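Okay, here's what each chain looks like letter by letter:
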Amino acid sequence: MTEKAQELSTPTPAEMDHIYAQTKNWGRWGTDDQLGALNYLGPGQRRRGAALVTEGVSISMAHNLAVNPTPDTPHPAQHHMLTSGDALNASGIPGYESTQDYIGTQVHGCGLTHIDALCHMFVRGQMYNGLGPEWVKSNGGAARNDIMTTAEGIVGRGVLLDVPGARGEPFLGANEPIGVADLEAAERAQGVRAEEGDILIISTGRDARVAAQDGKLSPFTEGLAGLHPECLPWLHQRRIAVLCGDGISDMMPGLGIEQWPFPIHQVGIVGIGLHLIDNVRLNALLASCRERGRWEFLFTVAPIRVVGATGCPVNPLAVF
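In this report, we go over the structure that sits alongside the text. (Residues numbered from 1 in each chain as written. Predicted model: local features only at pLDDT ≥ 70, side-chain atom pairs only at ≥ 80, totals over all residues. Heavy atoms only, no water.)

Summed over the entire model, instances satisfying the criterion amount to 4 aromatic pairs. A centroid spacing of 6.4 Å and a plane angle of 90° characterise the contact between Tyr20 and Trp26, whose relative ring orientation is edge-to-face. For Trp26, a relative accessible area of 24% puts it in the partly exposed group. When the ring of Trp29 is compared with that of Tyr40, the centres are 5.2 Å apart and the planes differ by 80°; the resulting orientation is edge-to-face. Note that Trp29 is positioned in the loop between helix H2 (13-23) and helix H3 (43-50) and Tyr40 in the loop between H2 and H3, a separation of 11 residues in sequence. In textbook terms, an aromatic cluster arises when at least three aromatic residues are bridged by ring pairs, as seen for Tyr20, Trp26 and Trp260. Just above the ring of Trp26 sits the side chain of Lys24; from NZ or CZ to the centre is 3.9 Å. Lying across the ring of Trp135, Arg144 places its NZ or CZ 5.9 Å from the centre. (Phe/Tyr/Trp six-rings, centres within 6.5 Å; stacked < 30°, edge-to-face > 60°. Buried < 20%, exposed > 50% of the residue type's maximum accessible area, 1.4 Å probe, protein only. Helix = DSSP H or I, 4+ residues; strand = E, 2+ residues; numbered from the N terminus. Lys NZ or Arg CZ within 6 Å of the ring centre and 35° of its normal.)

In structure tokens form, the structure reads like this:
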């Protein structure tokens, strides 16, 4: 752990309550609002992002959908064939030859690249904008704050901050905190600034850490680096629209704050109304940004339209 990381103190539960209260966006855009911080991402920000496309090069930030158990995905997707190559004529329609399959998956976790809807997290029985658990039913899912609020897609300026790179390290270690000083040091080193309406992507070097461990990493036993809670007011003040991380943005196993086990998820989603995209793959994007000396690009992602869903798998794209 770096000296800078050691200087970050663990907030008390009362201090977390204060952070939660001061960063709440409840009512900011009306009592019926379900977009949260996506309200910052308007037509002007989308045009700004589109203007960054000069080469037409597209880079995926998603991991392959795991279909076998792995340390970071113990409950993988179900994928099986409905019609395979040995049954091309199974439809019974003369001349119609096809293969078909089925895919089903758990949405959340530490391996699947996915987006969290604002109904995913609650604090003291309330989700974003003060709505209670009665809005999320076992039959049909969420009637408010579901993934359908992102149905038109998320398109804007993406900004990647390479925190290990700014520290001169290949990757951050288990449960290592990222503070505001780290984020601003990365901005200075890269000559970029995260601003209102941006999609902010923060690298902890997870892909490099996995590679250094022969391709194996269990977040549940080995931990992940993540944002320290002091970053929450910073995200709120910068008016970040979406937060992406190569982990879950939260530290694992965390700081052990009573009632605040995952403060970035709890305060970010519930208080700020911040959609989180977890477990993005950044090795290819980091290489491209370093090669170009450019850390901003068009970001686009089109979540699956599932009424009532608490999130969905996604394939975010960076376009240069």
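Moving on, we come to the sheet that holds strand E7 (residues 154-162). Strands belonging to one sheet form pairs held by backbone hydrogen bonds; the direction of such a pair is parallel or antiparallel. Taking strand neighbours across the sheet as the criterion, the 9 strands line up as E1-E15-E13-E7-E9-E11-E12-E4-E14 in an open arrangement whose pairing is mixed. Strands with a single pairing partner mark the edges of an open sheet, and in this sheet they are strand E1 (58-60) and strand E14 (311-313). Within the sheet, the average angular offset between the axes of one strand and its neighbour, ignoring direction, is 25°. Of the strands in this sheet, E7 and strand E9 (199-203) touch helix H5 (residues 180-190), which is tilted by about 95° from E7. (Pairing = 2+ DSSP bridges. Axes fitted to C-alpha atoms, helices over the stretch in contact; angles between N-to-C directions. Contact = heavy atoms within 4.5 Å.)

Moving on, we get to the environment of Arg188. Relative to the elements of secondary structure, Arg188 occurs in helix H5. Considered as a pair, Arg188 and Ala166 are 22 residues apart in the sequence and their alpha carbons are 8.7 Å apart.

Glancing now at unusual backbone geometry. Along the chain, Met252 connects to Pro253 via a cis peptide bond; the corresponding omega equals 10°. Along the chain, Pro253 falls in the loop between strand E11 (242-245) and helix H9 (263-272). A positive phi angle is found at Arg124, which is not glycine, with a value near 50°. In this structure, Arg124 sits in the loop between strand E4 (114-116) and strand E5 (136-137).

Another aspect to go through is the pattern of salt bridges. Within this structure, the stated rule accounts for 15 salt bridges. Measuring nitrogen to oxygen at the nearest pair gives 3.9 Å for the salt bridge that ties Asp32 to Arg144. Here the residue Asp32 occupies a position in the loop between H2 and H3, and Arg144 occupies one in the loop between strand E6 (141-142) and E7, the gap between them amounting to 112 residues. Close ionic contact of Arg239 with Glu196 constitutes a salt bridge, the shortest N to O distance being 3.5 Å. Here the residue Arg239 occupies a position in the loop between helix H8 (231-238) and E11, and Glu196 occupies one in the loop between H5 and E9, the gap between them amounting to 43 residues. The partly exposed category is assigned to Arg239, whose relative accessible area is 31%. When salt bridges with common partners are traced through the structure, they connect Glu55, Arg292 and Arg294 into a single cluster. (Salt bridge = Lys/Arg side-chain N within 4 Å of Asp/Glu carboxyl O.)

Let us now look at the nonpolar core. For soluble globular proteins, nonpolar side chains are generally found buried alongside one another. Among the nonpolar cores identified, the biggest contains 71 residues, and Leu200 and Leu285 are the most heavily contacted of them. For this core, the element with the highest residue contribution is H9, accounting for 5 residues. Those residues within four positions of Leu285 in sequence are excluded, and the remaining contacts are Ile59, Met61, Leu160, Phe297, Ala318 and Phe320. By size, the runner-up hydrophobic cluster in this structure holds 5 residues, among which are Cys110, Leu217, Leu224 and Ile248. (Core = buried A, V, L, I, M, F, W, Y, C linked by side-chain atoms within 4.5 Å.)

Its place among the elements puts Asp162 in strand E7. With a relative accessible area of 5%, Asp162 lands in the buried category. From its side chain, Asp162 meets the backbone nitrogen of Gly165 in a polar contact 3.1 Å long. Every residue in contact with Asp162, bar those within four places of it in the chain, is listed here: Ala186, Gln190, Ser203, Leu286, Arg290 and Trp295. (Polar contact = N/O pair within 3.5 Å; in protein donor to acceptor, adjacent residues only side chain to side chain.)

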